[in-house]
Amino acid sequence: MVKKIAKAFAPGAISSFFEIFNTNPDGTPITDLQYMGARGGGFGLQYGVHTKVTLEDAFENSVHVIINNQSSTEAKVTKSITQMILNQITAKYAVTVEHQIDVPVGMGFGTSAGGALTTGLALKEALNLPLTYNQIGKIAHLVEIQSQTGLGTVSSLTVGGGLILVTEPGAPGVCKIDRIPINPEYVIVAGFYNTKISKAFLSSPERRIKIDRYGKQTMAKILEEPSIENFLSSCWMFAQKTGFASDGVCELVRIAVKAGAVGAAQNMIGKAVHAVVLEENALSVVEAFKRVLPEKQVLMCKVDFQGARLVDNKKTI
């Protein structure tokens, strides 16, 4: 039995603000999903999603997903992108996709997009498919939107890391992306609560109007003065004006700034805060967060500047 193996990594992706694009200027729904997405901005993290894909010859295609050493019966994004890619070839495989995730799931760290993109990259490598990076990214983007797990995170993961601005929405190759250059010695300290923000939170028409109004204003304000300080303060204002910021989130932002952070904002969308800190002040912010949160709910890591990528050559056993 021949096994083909490939591995990929995607940084954790924090979105600090966003503006939804799922309708045309005349108000009609966008039907071509490659043009649907979001404008916004945020950070890539050196912690993220590690994916290993193993293929074995089979009579019929099958997909088995393992997340942090536990079999997953759902994982609809990973299963969908795997099936979409397998549908492009005639050979049949039993596919095992193993995700090891360094960051919290469902808290605004981009794990769904990271899982989709790394699965696509690893499958391309294992199958030796003639696909470009953007073509793989487009498939991942479409799966995310169809699964209602994200709007624009895949695109941000395909261009490298740092402090990323998605200035025009859409799939990789369609969207427009810029970056604010930042000191590579900055550290992200994140604190998060174990409660998730319901998707129903976004379904309110009034909430959508606020998100789009303040998202547009936030992007304009950031582009007027593209500095990390202005980015964080503008994004924190967005979280407050849109109603995302709970009392607990507000407390974490106050604590972070008081402990020496350059600034802090809320993960979109999660009950979590990311503070940007110079390395010498990072432990002060970590300790300050630990005074109000359990240790396992505080995360510290450096910013990633590479984006999603293959991390090991294909192996055949």
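What you are looking at is a predicted structure, and each value in this text was computed from that prediction instead of being measured.

Draft legend 1. Inspection of the overall build of the chain at higher detail. Within the chain one finds eight helices and 12 strands. Taken over C-alpha atoms, the radius of gyration comes to 19 Å for the chain, in line with the 20 Å a tight globule of 317 residues would show. Here the C-alpha coordinates of the chain stretch approximately 60 × 50 × 35 Å along the principal axes. Across the 317 residues of the chain, 53% fall into the buried class. Contacts in the chain between residues at least 24 apart in sequence constitute 76% of all its contacts with a sequence separation of at least 6. Here the chain has roughly 14100 Å² of accessible surface; of this, 51% comes from carbon and sulfur atoms. Charged side chains of the chain number 31 positive and 27 negative; the gap between the two group centres comes to 3 Å.

Draft legend 2. Structural detail: the side chain of His 141. Structurally, His 141 can be placed in helix 3 (residues 133-147). Since its relative accessible area comes to 1%, His 141 is described here as buried. At 2.9 Å, the side chain of His 141 and the backbone oxygen of Met 36 are in polar contact.

Draft legend 3. Up close: the packing of helix 2 (residues 111-127) against helix 3. Where helix 2 contacts helix 3, the two axes come as close as 9 Å, and the packing angle between them is 140°. One finds that helix 2 runs oblique with respect to helix 3. The interaxial crossing formed by helix 2 with helix 3 has right-handed handedness. Across the interface between the two elements, Ser 112, Ala 113, Ala 116, Leu 117, Gly 120, Leu 121 and Lys 124 of helix 2 pack against Tyr 133, Ile 136, Gly 137, Ala 140 and Glu 144 of helix 3. Of the residues belonging to the contact of helix 2 with helix 3, the class tally is seven nonpolar, three polar and two charged.

Draft legend 4. Molecular detail of the sheet that holds strand 9 (residues 263-266). The strand order across the open sheet formed by four strands is 9-10-8-11, and the pairing between neighbours is antiparallel. Both edges of this open sheet fall to strand 9 and strand 11 (298-302), since each of them pairs with a single strand only. The mean angle between the axes of side-by-side strands here comes to 20°, regardless of whether they run parallel or antiparallel. Across four bridges, strand 9 lies against strand 10 (residues 272-278) in antiparallel orientation. Along strand 10, the bridge assignment pairs Gln 266 with Val 273. The strands that helix 7 (residues 247-258) touches are strand 8 (186-192), strand 9 and strand 10; relative to strand 10, the one it contacts most, it runs at about 5°. Contacting strand 8, strand 10 and strand 11, helix 8 (residues 282-290) runs over the sheet at an angle of about 5° to strand 8.

Draft legend 5. The arrangement of the pairing of strand 3 (residues 62-67) in detail. Sheet topology places strand 3 next to strand 5 (residues 93-101); six bridges connect them, and they run parallel. Along strand 5, the bridge assignment pairs Ile 67 with His 99. Taken together, the three bridges between strand 3 and strand 4 (residues 70-72) define a ladder with antiparallel strand orientation. When the sheet's bridge partners are listed, Val 65 is paired in strand 4 with Ser 72. In this antiparallel pair of consecutive strands, strand 3 and strand 4, the connection spans two residues, and Asn 68 shows a positive phi of 50°.

Calculation rules
Residues numbered from 1 in each chain as written. Predicted model: local features only at pLDDT ≥ 70, side-chain atom pairs only at ≥ 80, totals over all residues. Heavy atoms only, no water. Helix = DSSP H or I, 4+ residues; strand = E, 2+ residues; numbered from the N terminus. Rg over C-alpha atoms; globule rule 2.2 N^0.38 Å. Buried < 20%, exposed > 50% of the residue type's maximum accessible area, 1.4 Å probe, protein only. Contact = heavy atoms within 4.5 Å. Areas by Shrake-Rupley, 256 points an atom, 1.4 Å probe, with all protein chains shown as cover. Lys, Arg positive; Asp, Glu negative; His and termini not counted. Charge placed at Lys NZ, Arg CZ, Asp CG, Glu CD. Polar contact = N/O pair within 3.5 Å; in protein donor to acceptor, adjacent residues only side chain to side chain. Axes fitted to C-alpha atoms, helices over the stretch in contact; angles between N-to-C directions. Parallel < 35°, antiparallel > 145°, perpendicular 65-115°, else oblique. Left-handed = near helix turned anticlockwise from the far one by under 90°. Nonpolar A, V, L, I, M, F, W, Y, C, P; charged D, E, K, R; others polar. Pairing = 2+ DSSP bridges.

So, to be careful, I would describe these as geometric facts and stop short of saying anything about function.
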